[in-house]
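A look at the structure
Read off the chains here:
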Amino acid sequence: MNIFAVMKTRIDAVLGDLMTAGKLPAGLDLARVVVEPPRDASHGDISTNAAMVLAKPAGMAPKVLAELIVAHVKGVQDVTGASVAGPGFINIKLDDAVWRGALTDILKAGRSYGDSTVGGSEKVNVEYVSANPTGPMHVGHARGAVVGDALARLLAKAGFAVTKEYYINDAGGQVDNVAAALRMRYLQALGRITEADVQGALERKEIQYGGAYLIPVAEALKARDGDKWADVADAAVWIPALREFTVAYMMKLVKEDLDSLGVHHDVFTSEKGLVDSGKVDDALKFLAERDLTYTGVLEPPKGKTPDDWEPRPQLLFKATQFGDEVDRPLRKSSGAGTYFASDIAYHKDKVDRGFKNLVNIWGADHGGYVKRVQAALAALTGGEGSLDVLLCQMVRVLNNGEPVKMSKRAGTFVTLRDLIDEVGRDVVRFIMLTRKNDAPLDFDYAKVMEKSRENPVFYVHYAHARGRSVFRHAAEMFPTADLSDAGLANADLTRLNDPDELGVLRMLAAWPRLVEGAAFAHEPHRIAFYLYELASQFHALWNKGNDATELRFLQAADQSVSCARLALVRGVGLVIASGLTVFGVEPLEEMR
RNA sequence: GCGCCCGUAGCUCAAUUGGAUAGAGCAUCUGACUACGAAUCAGAAGGCUGGAGGUUCGAGUCCUUCCGGGCGCGCCA
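In this report, the structure presented in the accompanying data block is examined. On a predicted model such as this, the values are computed, not experimentally measured, just so you know.

**Digging into the environment of Glu 589**
By the element assignment, Glu 589 lies in the segment after helix H22 (559-583). Of the residues examined, Glu 589 reaches a relative accessible area of 44% and is grouped as partly exposed. On a C-alpha basis, the gap between Glu 589 and Gly 467 in space is 8.5 Å, while along the polypeptide they are 122 residues apart. Sequence-distant contacts of Glu 589, defined by excluding residues within four places in its chain, comprise His 464, Ala 465, Arg 468 and Arg 472. Within the structure, Glu 589 has its side chain in polar contact with the side chain of Arg 468 (distance 3.1 Å).

**Things to note about the protein's contact with RNA strand B**
Taken together, the neighbourhood of RNA strand B is formed by 76 residues, with Glu 310, Tyr 459, Arg 466, Glu 523 and Arg 526 sitting nearest. Put simply, 58% of the atoms of RNA strand B that lie within 4 Å of the protein are in sugar or phosphate. A distance of 3.0 Å separates a base nitrogen of RNA strand B from a polar side-chain atom of Arg 312. At 2.5 Å from a phosphate oxygen of RNA strand B is found a side-chain nitrogen or oxygen belonging to Ser 469.

**Examining the packing of helix H5 (residues 139-157) against helix H20 (residues 511-521)**
Where H5 contacts H20, the two axes come as close as 9 Å, and the packing angle between them is 125°. Judged on the interaxial angle alone, H20 and H5 are oblique. H5 and H20 meet at a crossing whose hand is left-handed. On the side of H5, the interface is formed by Leu 154, Leu 155 and Lys 157, while H20 contributes Trp 511, Val 515, Ala 518 and Ala 519. Taken together, the residues of the contact of H5 with H20 sort by class into six nonpolar, no polar and one charged.

**Observations concerning the pattern of salt bridges**
The tally for this structure, following the rule as stated, stands at 40 salt bridges. Linking Asp 149 and Arg 153 is a salt bridge whose minimum nitrogen-to-oxygen distance equals 2.8 Å. Here the residue Asp 149 and the residue Arg 153 both occupy positions in helix H5, the gap between them amounting to four residues, near one helical turn. When the shortest N-O distance is used, the salt bridge between Arg 495 and Asp 558 registers 2.7 Å. With Arg 495 in the loop between helix H18 (485-489) and helix H19 (499-509) and Asp 558 in the loop between helix H21 (525-547) and H22, this pair connects stretches of sequence that are 63 residues apart. Among the residues examined, Arg 495 registers a relative accessible area of 28% and is labelled partly exposed. Residues participating in the shared-partner salt-bridge network are Asp 45, Lys 93, Asp 96 and Arg 506.

**What to know about helix H13 (residues 370-381)**
Compared with the 16 Å implied by 1.5 Å per residue over 12 residues, the 17 Å span of H13 between its first and last C-alpha is a close match. With nine of its 12 residues buried, H13 lies for the most part within the structure. Every buried residue of H13 is listed here: Val 370, Arg 372, Val 373, Ala 375, Ala 376, Leu 377, Ala 379, Leu 380 and Thr 381. Buried residues in H13 make contact with helix H11 (279-289), strand E9 (313-317), strand E10 (328-329), helix H12 (339-352), strand E11 (357-363) and strand E12 (386-392).

Each value, and the rule that gives it
- Residues numbered from 1 in each chain as written.
- Chains lettered and ligands numbered in written order.
- Predicted model: local features only at pLDDT ≥ 70, side-chain atom pairs only at ≥ 80, totals over all residues.
- Heavy atoms only, no water.
- Helix = DSSP H or I, 4+ residues; strand = E, 2+ residues; numbered from the N terminus.
- Buried < 20%, exposed > 50% of the residue type's maximum accessible area, 1.4 Å probe, protein only.
- Contact = heavy atoms within 4.5 Å.
- Polar contact = N/O pair within 3.5 Å; in protein donor to acceptor, adjacent residues only side chain to side chain.
- Near = heavy atom within 4 Å.
- Axes fitted to C-alpha atoms, helices over the stretch in contact; angles between N-to-C directions.
- Parallel < 35°, antiparallel > 145°, perpendicular 65-115°, else oblique.
- Left-handed = near helix turned anticlockwise from the far one by under 90°.
- Nonpolar A, V, L, I, M, F, W, Y, C, P; charged D, E, K, R; others polar.
- Salt bridge = Lys/Arg side-chain N within 4 Å of Asp/Glu carboxyl O.
- Expected span 1.5 Å × (residues − 1).

Next up, the structure:
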């Protein structure tokens, strides 16, 4: 239950009554009325801008209107006080019982506290990773994987029906290039050529991929087919065969990598599958029937004409009708379909499967591609569909501030495996979520393993582990007490009345609202900051007991107050667990 | 040259999506442990939110325009 949403409906009802009674003009739009926690806790428990937003349409001075509303809000359930502040804010004080009630809710709901129905089971498609099956996954993929996975979990928690997808780019020239490189490694595995030959071909740019990671692929091919392909000269024969082999092999590796991160997709869609099944042609036909394609010649890019520029006619999509800067090619001048054409078919496929809300997680280097896909989606859905693209900025991998570049496996970049081997899965996941997706992220091996307040992973885990530690002591101190969640839900929570205890309760009660806000904004990183703040408040409360022993959670002579406080500690633990679950991270029982 | 993203304390970042006196951590200074785990906590100090205009009750947030940084820029994927 989101207390702020509940209060919003109650305040809306008050405003409605005032309209009915003729004290306010009828038909005021309440959409802009917001009920939120005030930034400064001294302003009360909740605050609303109703008077300021409605002043103009109601033809009243904000403060006068605020006084009117305050007079009526005072009678609302759970409200113990209300006052006007500043330019017309209405600050409302709620009965402490509301916050204690939230704790009861937490103990009953467990980790699922914060689950919401605001998503209304609406279908959402989250597409992420979609790394080309051309080599090992690297840090950039890892960030996209974690952000996408956390967003999917977050949306599910907020009540959306989420499908997690991976688009396999297995149809274009890149995979052919890998096939060509694989052939070299394959010949090497058969002893036909040497490592020097491979490196030479790389330097002469005869092949674009040559990493050592292809060696086991070549060995696997040799193990399966022997020297079957060694003397096949016709590229039209060996390229498709080797491409298919390498795509299958690489996708297996990708899935293993994702599995080691705890990331699992529901749907894998193959670009080649779309082409082969005729869905690309269907999509182009769909656009043509709506007069959204034509054969034309594109202008050269302004200010930077390529040397070999020459105008050529090709099939174009009228992207400019949907907000893009130029019309975009659907077919190459050779007549072959472009990657964009496949992508249109893919997004049409998503729409045909019933999705109107699409989210794609891409690397920042694809920023220039966003508008055209959004244009395509608008064309495909008549403006009904929405596509939000989250562009993930670079991850800089450091060790004590020094850039880490070399990878044991890939040679030039840090792989996902390197990260997990170095610091562990949960740390990777958490750290990747400590920044907005559009901000660059520094990932420092030394810092993320540090046991200090500087390191958010540690700090949050420590808060949880400390809470569990209290329970271990409590079990010895009160051997007959029922310390289960159900038992604690029956504790006398009115024993919680220290201002800091109530402060933590308020923070816990804000969790459902935070989940909803983060889900709608597609910003999973908000969870990380919330958890850090909650951990901070919990550590502060703990330490108050150092000086004031009567504030310690466990009071041997007073089981009643101890159980109330244990309920609070448990509530903190459950909300931390609830948040970590969104991240796919397990809370820790202890950290010794 | 054009498009997208970004610019907040010395450093790394928040800011309830347009709300009140812009908040944390690090670094600096001062304090709290024979311990419900001090791996923590309390306090001090630190700001013309890159600059200039505009929109309105109200702007770090929206608009315009400069400055600075990142990414991208015909048929690659």
